[in-house]
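# Structural description and commentary
Okay, here's what each chain looks like letter by letter:
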Amino acid sequence: MILLVLALTYLVGIAVGRWFWQISWIGCDFPGWLWIAPALSLPLWLWLDHLVRPHRPVDLRWPASAGFKPPRPQVRPWLVLLVAAAAVTGVLRYASHPIAPCLQDTDLAYYNAPADAANVDSVTLVGFIATYPTVTDARQRLEVDVSHMVDGTRLLPVRGRVQISTRSLPRYAYGQRVQISGLLVEPPVFDSFDYRAYLARKGVHSLLQRPRIEVLPGDGGSSLLRRIYILRGRGEVLLNRLLPEPYAALANGMLLGIESGIPEDLYEQFNLTGTSHTIVISGSNVAIVAGVLVAVMARLLGKRRALWPTLAGIAVYAFLVGGDAAVVRAALMGSLVVIASVINRQSTALVSLAFACWVMTLINPLTLWDVGFQLSASATAGLMIFSPGLIALCDRFWPGFGQGGHLTGEGGIKEAGGSLLRGLIQDGLLVTLAANFTTLPLVVYYFQRLSLISPLTNLLISPVQPFIMLGGGAGVIVGMLGIELLAQVLLWIPYVSLLWTVTMVQWTAALPGASLEISDYSSAAMVTTYLLLAIVWWRGWLQERLSHLRSIKWTGAWLPLVAGGGVFAGLSVAAFLVWRIVLTQPDGYLHVHFLDAGQGDGVFIQTPSGRQVLIDGGSDPQRLFAELGEVMPFWDRTLDLLVLTHPDLDHMGAQLTMPERFEIGQAIVSNVTLDDADGDQWRAGTAYAGIPIAVQGAGGWIDLGDGVALWTLWPPDESAVRLIGIDGDNKNERSLVQKLVYGEFSVLLTGDAGMPSEEAMLRAGEMLSAHVLKVGHHGSNSSTSPAWVRAVNPAVAVIQVGENRYGHPHEEVLDALAGRLVLRNDEHGRVHIRSDGVQMWIHVERRAATLSNWFETAAKPLTP
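Just so it is clear, the structure is predicted and the values come from calculations on it, not from any experiment. (Residues numbered from 1 in each chain as written. Predicted model: local features only at pLDDT ≥ 70, side-chain atom pairs only at ≥ 80, totals over all residues. Heavy atoms only, no water.)

## Notes on the pattern of salt bridges
Close approach of charged atoms allows side chains with opposite charge to pair. For the coordinates displayed, the defined rule picks out 19 salt bridges. The partner of Arg 154 in a salt bridge is Asp 151, with the nearest N and O atoms 2.8 Å apart. We classify Asp 151 as partly exposed; its relative accessible area is 35%. Between Lys 731 and Asp 678 there is a salt bridge whose closest N-O contact spans 2.4 Å. Of this pair, Lys 731 sits in the loop between helix 25 (718–723) and strand 17 (737–742) while Asp 678 sits in the loop between helix 23 (671–675) and helix 24 (680–688), and the two are 53 residues apart along the sequence. (Salt bridge = Lys/Arg side-chain N within 4 Å of Asp/Glu carboxyl O. Buried < 20%, exposed > 50% of the residue type's maximum accessible area, 1.4 Å probe, protein only. Helix = DSSP H or I, 4+ residues; strand = E, 2+ residues; numbered from the N terminus.)

## Overview of the state of the cysteines
Applying the stated criterion across every chain, the model contains one disulfide. In this model, Cys 28 is linked to Cys 102 through a disulfide, with the two sulfur atoms separated by 1.9 Å. The sign of the S-S torsion, about -90°, decides the handedness of the disulfide formed by Cys 28 and Cys 102: left-handed. Here the residue Cys 28 occupies a position in the loop between helix 1 (2–22) and helix 2 (36–52), and Cys 102 occupies one in the loop between helix 3 (77–96) and strand 1 (122–129), the gap between them amounting to 74 residues. With a relative accessible area of 34%, Cys 102 lands in the partly exposed category. (Disulfide = S-S within 2.5 Å.)

## So, the environment of Val 643
For Val 643, the location among the structural elements is in strand 12 (residues 638–643). Take Val 643: its relative accessible area is 0%, and that puts it in the buried class. Along the chain, Val 643 and Val 613 lie 30 residues apart, while their C-alpha atoms are 7.5 Å from each other. Residues within four places of Val 643 in sequence aside, it is in contact with Val 613, Leu 614, Ile 615, Asp 616, Gln 655, Ile 668, Leu 736 and Gln 738. (Contact = heavy atoms within 4.5 Å.)

## Observations regarding the sheet that holds strand 9 (residues 590–594)
Where strands meet in a sheet, backbone hydrogen bonds hold them as pairs that are either parallel or antiparallel. Taken in spatial order, the eight strands line up as 14-13-12-11-10-9-22-23 in an open sheet, and their pairing is mixed. Only two strands of the sheet have a single neighbouring strand rather than two, namely strand 14 (693–695) and strand 23 (840–844). Averaged over neighbouring strand pairs, the angle between their axes works out to 20° when direction is ignored. One ladder, built from five bridges, connects strand 10 (residues 602–606) with strand 11 (residues 612–616); its direction is antiparallel. Counterpart to Ile 605 in the pairing with strand 11 is Val 613. (Pairing = 2+ DSSP bridges. Axes fitted to C-alpha atoms, helices over the stretch in contact; angles between N-to-C directions.)

## Brief notes about the sheet that holds strand 17
Pairing within the open sheet is mixed, and its seven strands lie in the order 15-16-17-18-19-20-21. Whereas interior strands pair on both sides, the edge strands pair on one side only; in this sheet they are strand 15 (701–705) and strand 21 (821–824). Taken pair by pair, the neighbouring strands of this sheet meet at an average axis angle of 20°, ignoring direction. Where strand 20 (residues 796–799) lies against strand 21, four bridges are found, and the strand directions are parallel. Bridged to Val 796 within strand 21 is Leu 821.

## Examining the packing of aromatic side chains
Counted according to the given criterion, the structure contains 21 aromatic pairs. Ring pairing ties together the aromatic residues Phe 128, Tyr 132, Tyr 174 and Tyr 229, which thus form one cluster. The side chain of Arg 93 reaches across the aromatic face of Trp 35, ending 4.8 Å from its centre. If you follow Arg 232 out to its NZ or CZ, it ends over the ring of Tyr 132, 4.7 Å from the centre. (Phe/Tyr/Trp six-rings, centres within 6.5 Å; stacked < 30°, edge-to-face > 60°. Lys NZ or Arg CZ within 6 Å of the ring centre and 35° of its normal.)

## Quick look at the pairing of strand 22 (residues 831–835)
Taken across its five residues, strand 22 has five buried, putting it largely inside the fold. Alternating residues of strand 22 divide into Val 831, Ile 833 and Ser 835 and His 832 and Arg 834, and every residue in both groups is buried. With five bridges connecting them, strand 9 and strand 22 associate as antiparallel partners. In the sheet register, His 593 faces strand 22, and the bridge partner there is His 832. In this sheet, strand 23 lies alongside strand 22 in antiparallel orientation, the contact comprising five bridges.

## Considering unusual backbone geometry
In terms of backbone geometry, most residues other than glycine have negative phi values and most peptide bonds are trans. Following Glu 245, the chain continues into Pro 246 via a peptide bond in cis, with omega recorded as 5°. Omega for the peptide link from Trp 714 to Pro 715 comes to 5°, which places this bond in the cis form. Its location among the elements puts Pro 715 in the loop between strand 16 (708–714) and helix 25. Phi angles above zero are rare outside glycine, and Ser 24 is one such case at about 65°.

## Let's talk about the packing of helix 5 (residues 223–242) against helix 15 (residues 465–480)
Closest axis-to-axis distance for the helix 5/helix 15 pair is 10 Å, and the angle between their directions is 105°. It follows that helix 5 is roughly perpendicular to helix 15 by the angle criterion. On the side of helix 5, the interface is formed by Leu 231, Arg 234, Gly 235, Leu 238 and Leu 239, while helix 15 contributes Gly 475, Val 476, Gly 479 and Met 480. (Parallel < 35°, antiparallel > 145°, perpendicular 65-115°, else oblique.)

## Looking at helix 14 (residues 454–461)
Along helix 14, the positions that sit buried rather than exposed are Ser 454, Thr 457, Asn 458 and Ile 461. Relative to the axis of helix 14, the buried residues are bounded by an arc of 95° and lie together on one face. (Arc of directions from axis to C-beta.)

## Considering the environment of Ala 312
Inspection of the secondary structure puts Ala 312 in helix 9 (residues 307–320). The sequence separation of Ala 312 and Ser 335 amounts to 23 residues, and the corresponding C-alpha distance is 9.4 Å.

## A closer look at the packing of helix 15 against helix 16 (residues 484–509)
Two elements in contact, helix 15 and helix 16, have axes separated by 8 Å at closest approach and are oriented at 155°. Between helix 15 and helix 16, the angle falls in the class roughly antiparallel. When the axes of helix 15 and helix 16 are compared, the crossing they make is left-handed. Each of Gln 465, Phe 467, Ile 468, Gly 471, Gly 472, Ala 474, Gly 475, Val 478 and Gly 479 in helix 15 lies in contact with helix 16, whose residues at this interface are Leu 486, Ala 487, Leu 490, Leu 491, Ile 493, Pro 494, Ser 497, Leu 498 and Thr 501. (Left-handed = near helix turned anticlockwise from the far one by under 90°.)

Next up, the structure:
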């Protein structure tokens, strides 16, 4: 208990140190080493207290048990000094490492310009990439450990870390030495979020805007970390290639700690349902891994022998997810819980947890304000404190249930025995629920939201979480060994589990009153909540309330039904996969999906026999992959044809990483993509993947089979473009314009072609009429003239537009389309049109008010 009190006192001292710093009681004049003196005195006070305190037998029935009365406390002066030294250590440790650092001219942040400065001079820095690069919203985020600043011809030694946001390609790697140039500024502080403090906790005090990056020869950083991140990258590529989105992104978050690819709206639904802890690497995730490992190892090897394989498994898991600070912290806590459980010491586990927090905040005191650290620590504490009561509750209704799990319980790890199903429920479901007890106050405080549906959602999704981690981990390991076919089969296990998880999260998030916004849940309220939880634990309230159930006799006659239910569940999953494969087979219809790709174009076509074509794709690869995951068979990673209308980022950007995930048969472009420098990256990527490229122009066509043809109406050859007065450097006016024809049904796809191109096609007498028009240039008034609309005469017009600063679609375009069905991705989401060549049926992801006067989207066919 002394170590527990000392650790908690030290943590409180760090918090008090920050307060002292804010009111200027301590500051930069304090030597950075001063905290070492009281820290070194702690063993002395502990030894003196041990000498003078009376020695008597220790009653291990703690904190409360029947017939136990704690001894009367005695004054222990050396203990008072011991606690005071721990508090002073915490205060001085913060003074040595405050959020706002004490800068010198050798610190990189010393040269920061203000975040809102108007005129900032460019600087040039030299260092190495110090973290695993992540990609979000088509931007690559890097952190560079800087060693020198370039001053003319001199290299000035500096130290510090700077964060950079750059294009998604080329992809950089940990350890690469780089020279970077740009505008060095301090991180901003927003109204609702202190971004400067957030980065400071990570050791970053500078941002580099408008970066220019040059890779230098040689490597930096740790060779071990380089190997770790290489494996992590291979795992990421494997998951991205073998799983559809958004399940690949979720698997990356759960298995590899790479959360950047999870769609924002889906992440918000996890937050609404109080289940976001399942998609990030945290204490609760490691607790599930540890619980399942103990359950398996104890049955195979016995109670004591299970310890080392379990610890090794946790270490392998930490290695697999990248081995960063947050993962190491969670793995350490999980390991401590396992050790404490093996030696049957719940109190030892709590002390070990507090000691681990002490060590981590001793290394970096700002870790105390890291939300991930707080959630990880509180989840692990909840696991140790409340899981015995939950297991006792289930034991009343299911005799012998307590023998089913191995991680928790008053007796620590139990003897092997009981069904695997009991173990999975206990170590998967109850462990997660116990962790939720102690994380909920933090979630409400930081995110100002109370999820009323959280218990139900967690109850529904918790049982499948172990399958995600075990099946996904096995699939990644097998895939890294080169057995990709077996890896695909193994990854179907997490796919089904993730599909269930997402379905339950989306369903419960949509229920009325699923979440309440709480704007006045203060820090005092949070502390009060934790005090109440502490009282509940201290008094053993849960066990006492359940004690009356001990006299009830429960029959075990129904237990065989549970085993039968497990078999039934396994067969149901297999049947589900078979039927899902069957139902995603070609159905004899032509399907045209106008993808919700944001402010960009993306059209996916599936022919009646299943050939697949992608035209453009928007700027954000992750968003495109999520859309393709909704419209393609979950097992299919092939495209017969990849079409790029022109090399603008809002059409081309998402295609840049397509070869990493999909096997592509052929690529189709116009001359502008081959000639323009903006297409360099696209051309390099397709050439590296060995994808053949064909050039299409006016008069060309592609036979897609089943009577489906893709005709190219524009552009003509370069001499004709110049002859009609169109600027040869204008990429929009050299965009591919194509017409998809199937029987009597047709769709006109215009890319970003503007009015000059439209007028040229009208003069040439092209066959422009079509039932569906993809409106040019996202509804800009530079295209879609009234004459063009009259010539095409579409029944349906689709505008591929997202949130933008350009005012798209413009009123002039909407006026020209008046009287026709206008569907917009920003209002209706993904638009799906299918046809049998005679009729067409229209489905939209989100029904808007504008559709109410037209038709019931799924029930009423439109005749062309």
